[in-house]
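Listed below are the residues making up each chain.
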Amino acid sequence: MCNYNKNYAAGHKAIIFLKTIAILVAVFSWSNCHSSPVDFSSNFQTVVTGHPVTFAPLITLVPPVTYQWSFPGGTPATSTNSNPVVTYYTSGYYNVSLTVTSQGVPVTESKTQYIHIIPSPEFRDLTGRENDQWYFRDQNVFSFENSGQALVVSQATVTMDSYEGDASISNGDGNLLFYGSSHTLYNRHNQVMQNGNSLLGGISSTQGILIVPQPARFLASGINQNYGKYYVFTTDHYAQSLGFRYSIVDMNLDGGLGGVMPGAANKNVLVYTPVSEKLIAVVHNNKHDLWIITHAYPQNQFQVFLLNENGFNTTPVISTVGTPLTDPGQTAGELVASLNGDKIAQVLNYPSPNIEIFPFNNQTGIVSPGFEIPNTSEADKYGLEFSRSGRFIYYASAYNSWIKQIDLASPGFPSTTVVPYATGQIGVIELGPDGKIYASFFSRTTGPAYGGLVINNPDSQGTACNAQTFSLPTKPLFNLHNKIPFPAFSISGQVTDGAGQGIGGVQIREGNVVLATTSTGTGAYSFDEGFGWSGTIAPAPVAGYSAFIPSSITYSNLNSSQSNQNYIAIPVPAVFSISGRVGISGTANGLPGVTITAGNSGGNAASDGQGYYTITNVPSGWTGDLAATYPPGGYSLTGPLIMNTPLAGNLVNQDFTATPITYVISGHIRLLPVDVDLDGVTITASNGNMGNPSPGMTDSTGYYQVTVPENWSGTITPSKPGFVFKCTLPGIFFGQDYIDYTQVTANKTNQDFIIRY
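Model, not experiment: these values are computed from the prediction. (Residues numbered from 1 in each chain as written. Predicted model: local features only at pLDDT ≥ 70, side-chain atom pairs only at ≥ 80, totals over all residues. Heavy atoms only, no water.)

Novice: What is the right way to read the overall build of the protein chain from this model?
Specialist: Secondary structure summary: the protein chain contains 1 helix and 63 strands in total. Taking 757 residues into account, the globule formula puts the C-alpha radius of gyration at 27 Å, and the protein chain, at 39 Å, lies well above it. Based on the C-alpha atoms only, the size of the protein chain along its principal axes is roughly 130 × 75 × 55 Å. Counting only residues that meet the buried cut, the protein chain has 55% of its 757 residues in that class. Counting every atom, the protein chain has about 30,000 Å² of accessible surface; 52% of that belongs to carbon and sulfur. Taking the 30 positively charged and 45 negatively charged side chains of the protein chain as two groups, their mean positions are separated by 3 Å. (Helix = DSSP H or I, 4+ residues; strand = E, 2+ residues; numbered from the N terminus. Rg over C-alpha atoms; globule rule 2.2 N^0.38 Å. Buried < 20%, exposed > 50% of the residue type's maximum accessible area, 1.4 Å probe, protein only. Areas by Shrake-Rupley, 256 points an atom, 1.4 Å probe, with all protein chains shown as cover. Lys, Arg positive; Asp, Glu negative; His and termini not counted. Charge placed at Lys NZ, Arg CZ, Asp CG, Glu CD.)

Here you go:
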């Protein structure tokens, strides 16, 4: 047995490059099977605190064997049972190890951070990672690693018994739980699931199987009563009598490997018959429940069913819209939904082939009348898929080896053939967690004409979508994966003025499309986008307000709800002032003549006689440097440097501090002809252009120093009654009795004098 799973896969990986030279956004690799004779798994790898986890060994050792489990942080911390049940009470990641001893020889398997325990409030809805593992016909596996962004191609050890529909389900961390066809379910060890055989679905139904989790129901203790419950829906092919049915899987069965619950009320429960081969799920507007969408035969009738915490409601919401199905051949081909669940589309095949798109209300389950896309009358259409944004829809030929793109945002819905030839027949096409669209192709007559196909940029127009082929381990058929619905996430915030008051009536838009009609009276807004959505949102100008800060917010690969996406509205006219004061440190005085400049075209102003300044007409949204300069010099200026918050109103108290810059003039007084120092000499700094500093006095060694301001000019003169002083500086020895200075900009040392009687 072997299985690719990022938590317990092992073996060699080699890189497979795409056939055309391009910047590779995805990485494709081969993965060998887990080769150890000891492996294990658990029914849950992500679970809420306090919920039990059951572990199951997978061994190929000679019996009898003994087990020694280690669960650091769990209760119990160790066990010798074959299927221990462990509970974790603190959030975090936990290691698990198992040692199996056979004939006296122990073999150990350890897994790092294998169990992920989360608080119950975080485990209510889909995460988007439930689609990370795709198992389809002839042992092919697509695994989306690195949070669903990189494709790894590998091989399982089981051949599913279907020609078309397959489905897989992973947990919220993207780790495989189980998979299957419309006939048989397999656990994550690639074994037939307990009671998982003999499902009554059509072996050649396009969407013959769909697996979805039952929405959570939390008890007072915080435990999800439905945790581990999954509904498996099946459809018959060619509108035959098996119809639309469901079975319920409980992952707590079979030592945590899961099983179909026993009893007629839990397996192959008939809902209605006949049904077409179309079967999808859409997330309810409440982001918690699910809509299961089917199409009846022979009517033009969608039957939509609600799955919630109480189970599956067998009474449908019926919408009679679109083309009546008059031939079983029309039942083939995919039914798909846009990521945000606001529209669905279906392929209808012969005798009246077309593609139809309908608005879908995910609050009520009603499908409204839609329209037929023109110029899509090819009789062999089969695969169908929306791009992530919903602007483009792709459809594939089942027999002529092409995929076409329809631009739903352009007049006339122009089409482009983006895959002209893939050497074989193309089956379903499916949007992956990485935002790319995948398909498989094969040839019934020639070999080895089979492989995979990827559309790397589905939201790019025409051939810029960049379709490429790549290798697959074995020959697929029409099947690939009937995906679990990607969740919708909310983007919400508030629009306020500069004083924090809410502003109503502001439209929130993506381009020219209004996403939330208006903000409420408190300024609040909210709208939904699908998993992986990317785009730019901006509020539209409203009476009295000409701009917003920020002007827009851009999102990339949305994978969680985004709150506090706030905007500040800028009133008309959208200019403001910046004001403050330049004060001299250590005093109450201001410094006049300082220039304050708002960089990035914000303007400037000079401080007045009291040090105050005001820069007017600063544009709204301004950011940049706020700097002060004083050309005369003599002061260092400190204060605001970089304004990172966009200007949304008058900015006050942007104060600077002016600190005088000073330098020291120092030297000695010495007595001649006897070289001794002399204290008590007064050193006077004369009046200069910077004022008259206080006089200094020599100390017992004859040393003096005088502090003067920057750019000071003047004279230093020693004096003491009865003595004559002469400067000793070079060039004026025994000359003048003072020293001249001009614009001092550094400390002056060794400014010495001699004294004579």
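Still to come is the rest of the account.
Novice: What exactly am I supposed to notice about the sheet that holds strand β5 (residues 52–59) here?
Specialist: Hydrogen bonds between backbone groups are what pair the strands of a sheet, and the pairing can be parallel or antiparallel. One open sheet accounts for 3 strands, arranged β3-β5-β8; its pairing is antiparallel. With one partner strand each, in any of the chains shown, β3 (38–42) and β8 (85–87) form the two edges of the open sheet. On average, adjacent strands in this sheet sit at an angle of 35° to one another, irrespective of strand direction. In terms of strand pairing, β3 meets β5 through 5 bridges, oriented antiparallel. Residue pairing for β5: valine 38 is matched across the bridge by isoleucine 59. (Pairing = 2+ DSSP bridges. Axes fitted to C-alpha atoms, helices over the stretch in contact; angles between N-to-C directions.)

Novice: For this particular structure, what's the right way to read the side chain of serine 143?
Specialist: Note that serine 143 resides in strand β12 (residues 140–144). At a separation of 2.5 Å, a polar atom in the side chain of serine 143 contacts the side chain of glutamine 133. (Polar contact = N/O pair within 3.5 Å; in protein donor to acceptor, adjacent residues only side chain to side chain.)

Novice: Whenever I open this one, the nonpolar core confuses me. Can you help?
Specialist: Generally speaking, soluble globular proteins have nonpolar side chains that are buried together. Counting 56 residues, the largest nonpolar core has Phe55, Phe178, Phe233, Phe244, Ile292 and Phe312 as the members making the most contacts within it. Beyond its immediate chain neighbours, meaning those up to four positions away, phenylalanine 233 contacts Gly208, Ile209, Leu210, Val212, Phe244, Arg245, Tyr246, Leu279, Ile292 and Phe312. Judged by nonpolar contacts, the second largest core, of 35 residues, contains Phe441, Cys465, Phe489 and Ile553. (Core = buried A, V, L, I, M, F, W, Y, C linked by side-chain atoms within 4.5 Å. Contact = heavy atoms within 4.5 Å.)

Novice: Help me understand the pattern of salt bridges in this model?
Specialist: When their charged atoms lie close together, side chains carrying opposite charge are able to pair. Under the counting rule described, the total for this entry stands at 9 salt bridges. Put simply, aspartate 132 and arginine 129 hold a salt bridge, and the shortest N to O gap is 2.2 Å. The salt bridge involving lysine 343 is made with aspartate 342; its shortest N-O contact spans 3.6 Å. On the basis of relative accessibility, which here comes to 35%, the residue aspartate 342 falls in the partly exposed class. (Salt bridge = Lys/Arg side-chain N within 4 Å of Asp/Glu carboxyl O.)

Novice: Can you walk me through the environment of tyrosine 135 in this structure?
Specialist: Note on placement: tyrosine 135 falls in strand β11 (residues 133–136). Considering only alpha carbons, one finds tyrosine 135 and asparagine 482, 347 residues apart in sequence, at a separation of 10 Å.

Novice: Mind showing me how you'd approach the packing of aromatic side chains here?
Specialist: Each aromatic ring pair is summarised here by two numbers: the centre-to-centre distance and the angle between the ring planes. Scanning the model with the defined rule gives 40 aromatic pairs in all. Seen from their ring centres, tyrosine 231 and phenylalanine 312 are 6.4 Å apart, and the 35° between their planes marks the pair as tilted. With tyrosine 231 in strand β18 (residues 229–234) and phenylalanine 312 in strand β25 (residues 311–312), the pair connects residues that are 81 residues apart, well separated along the chain. For the pair shown, tyrosine 231 and phenylalanine 312 are each scored as buried. Summarising the aromatic geometry, the rings of phenylalanine 244 and phenylalanine 312 are spaced 6.3 Å apart at their centres and angled 70° between planes, so their arrangement reads as edge-to-face. Of this pair, phenylalanine 244 sits in strand β19 (residues 244–250) while phenylalanine 312 sits in strand β25, and the two are 68 residues apart along the sequence. (Phe/Tyr/Trp six-rings, centres within 6.5 Å; stacked < 30°, edge-to-face > 60°.)

Novice: What am I meant to see in the environment of serine 204 here?
Specialist: Its place among the elements puts serine 204 in the loop between β16 (185–187) and β17 (209–213). For serine 204, a relative accessible area of 23% translates into the label partly exposed. In the structure, serine 204 is positioned 275 residues away from asparagine 479 in sequence and 9.4 Å away in space, judged by C-alpha atoms. When sequence neighbours within four positions are dropped, the list of residues in contact with serine 204 reads Tyr163, Glu164, His237 and Glu277. Within the structure, serine 204 has its side chain in polar contact with the side chain of glutamate 164 (distance 2.3 Å).

So yeah, pure geometry; function would need other evidence.
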